[in-house]
Structures are given as C-alpha cells and as structure tokens.
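# Coordinate analysis (summary)
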Amino acid sequence: MRELERTAPISVIGTGPDLNSATDNGLERAARLLGMTVPEVKNRATITGAIEIARHPGVVQVTFLAPVDRLARIGLGPYIEAQYGIKV
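Residue numbers run consecutively from 1 along every chain, following the written order of its sequence. For a predicted model such as this one, the threshold for reporting local features is a pLDDT of at least 70, and the threshold for listing and counting side-chain atom pairs is 80 or more; totals across whole chains, interfaces and linings nevertheless cover every residue. By convention in this description, side-chain values take in all heavy atoms of the structure and omit both hydrogens and water.

### Regarding the pairing of strand β2 (residues 50–53)
The condition that has to hold: The pairing criterion for strands is at least two bridges between them, as found by DSSP. Helix and strand labels come from DSSP, where a helix needs a run of H or I of at least four residues and a strand needs a run of E of at least two; each type is numbered from the N terminus.
Where β2 lies against strand β3 (residues 59–67), 4 bridges are found, and the strand directions are antiparallel. Looking across to β3, one finds that alanine 50 is bridged to threonine 63. Linking two consecutive strands that pair antiparallel, namely β2 and β3, is a turn of 5 residues; a positive phi of about 80 degrees is found at glycine 58 within it.

Here it is in structure tokens:
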C-alpha cells in the first residue's frame, strides 16, 4: 500500500415496511449515490461505521467512511473541507 485512502463520514437513511427492507434500501441508496456495490457499502459500514435503527419502525441510518473523491463528485467537497479540514 502506497498511501491510506482519504475518507470522510456519510450517513444515508433507508426506509421500508420492516427493518430488513429498510436496511436493504439504505445500503442500495448509499451504493447508488456513491457508485459502489452493495457489498462494498456493507463492508464499509461493518468496518468503519454502523447500521442503526432509527426512532420509527422501518427506518435505519447507514453510516460509514467513504472515499473523499466520491463524496466530492456528488457535491459534498466544500462541506468536507469546512467540517473536517480535508482538502478535496
């Protein structure tokens, strides 16, 4: 490995009629948003984040560290720089 991946946190909300559906929905939304596969998002959430049950049934919050370049591509670069001081 030449260098560590530069990452910043992101949370994506998933919804559905039950927790399993909400979890699948949140993982799929995150994958589609960042151009990743669902297994990659699952792995990142397992290692660097969490899938949390929200206050209402059928709602989850998928949080994980995502590559800064992918976050910048979806327009979050200025927020990453302001909040975390990470140059994008």
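Once the structure has been displayed, the description carries forward.
### Thoughts on the side chain of asparagine 25
Note the cut-off: Polar contact is the term for a pair of N or O atoms within 3.5 Å; when the atoms are in protein, one must be able to donate a hydrogen and the other to accept it, and sequence-neighboring residues count only if both atoms are side-chain atoms. A contact between two residues is defined here by any heavy atoms of the two lying within 4.5 Å.
Position of asparagine 25 relative to the elements: it lies in helix α1 (residues 19–34). Of note is the side chain of asparagine 25, whose polar atom sits 3.0 Å from the backbone nitrogen of threonine 15. Among all residues touching asparagine 25, those that are not within four sequence positions of it are Ile13, Gly14 and Thr15.

### Some thoughts on the nonpolar core
Just so we agree on the cut-off: Here, nonpolar core refers to any group of buried Ala, Val, Leu, Ile, Met, Phe, Trp, Tyr and Cys residues whose side-chain atoms link them within 4.5 Å. A 1.4 Å probe rolled over the protein chains alone gives each residue an accessible area, and that area as a share of the maximum for its type sets the label: buried under 20%, exposed over 50%, partly exposed in between.
Ile10, Leu34, Val41, Val62, Phe64, Ala66 and Leu71 are the most contacted members of the largest nonpolar core, which totals 18 residues. The set of elements that each furnish at least two residues to this core consists of β1 (7–15), α1, α2 (38–48), β3 and α3 (68–73). Per-element tally for this core: the top contributor is α1, with 5 residues. If we skip the residues at most four places from it in the chain, valine 62 touches Ile10, Ser11, Val12, Gly26, Leu27, Val41, Ala45, Ala50 and Ile51.

### As for the sheet that holds β2
What counts here: In this description, a line fitted to the C-alpha atoms serves as the axis of each element, helices being fitted only across the stretch in contact, and the angle between N-to-C directions of two axes falls anywhere from 0 to 180 degrees.
Spatially, the 3 strands line up as an open sheet ordered β1-β3-β2, and their pairing is antiparallel. Where the open sheet ends on each side, the last strands, each with one partner, are β1 and β2. Taken pair by pair, the neighbouring strands of this sheet meet at an average axis angle of 20 degrees, ignoring direction. Its contacts with the sheet place α1 against β1, β2 and β3, and it is angled at close to 135 degrees to β1. In the packing of α2 onto the sheet, contacts are made with β1, β2 and β3, and the angle to β3 comes to roughly 90 degrees.

### A closer look at the side chain of threonine 63
Along the chain, threonine 63 turns up in strand β3. Setting aside residues up to four positions removed in sequence, threonine 63 forms contacts with Ile10, Ser11, Ala45, Gly49, Ala50 and Glu52.

### Regarding the packing of α1 against α2
As a reminder, the rule being used: Any angle between 65 and 115 degrees counts as roughly perpendicular, while under 35 counts as roughly parallel, over 145 as roughly antiparallel, and the rest as oblique. In this classification, Asp, Glu, Lys and Arg are treated as charged, Ala, Val, Leu, Ile, Met, Phe, Trp, Tyr, Cys and Pro as nonpolar, and every other residue, Gly included, as polar.
Across the interface, α1 lies against α2 with an axial gap of 8 Å and an inter-helix angle of 110 degrees. Between α1 and α2, the angle falls in the class roughly perpendicular. On α2, the residues that touch Leu27, Glu28, Ala30 and Ala31 of α1 are Val38, Val41 and Lys42. Among the residues forming the contact of α1 with α2, the class breakdown is 5 nonpolar, no polar and 2 charged.

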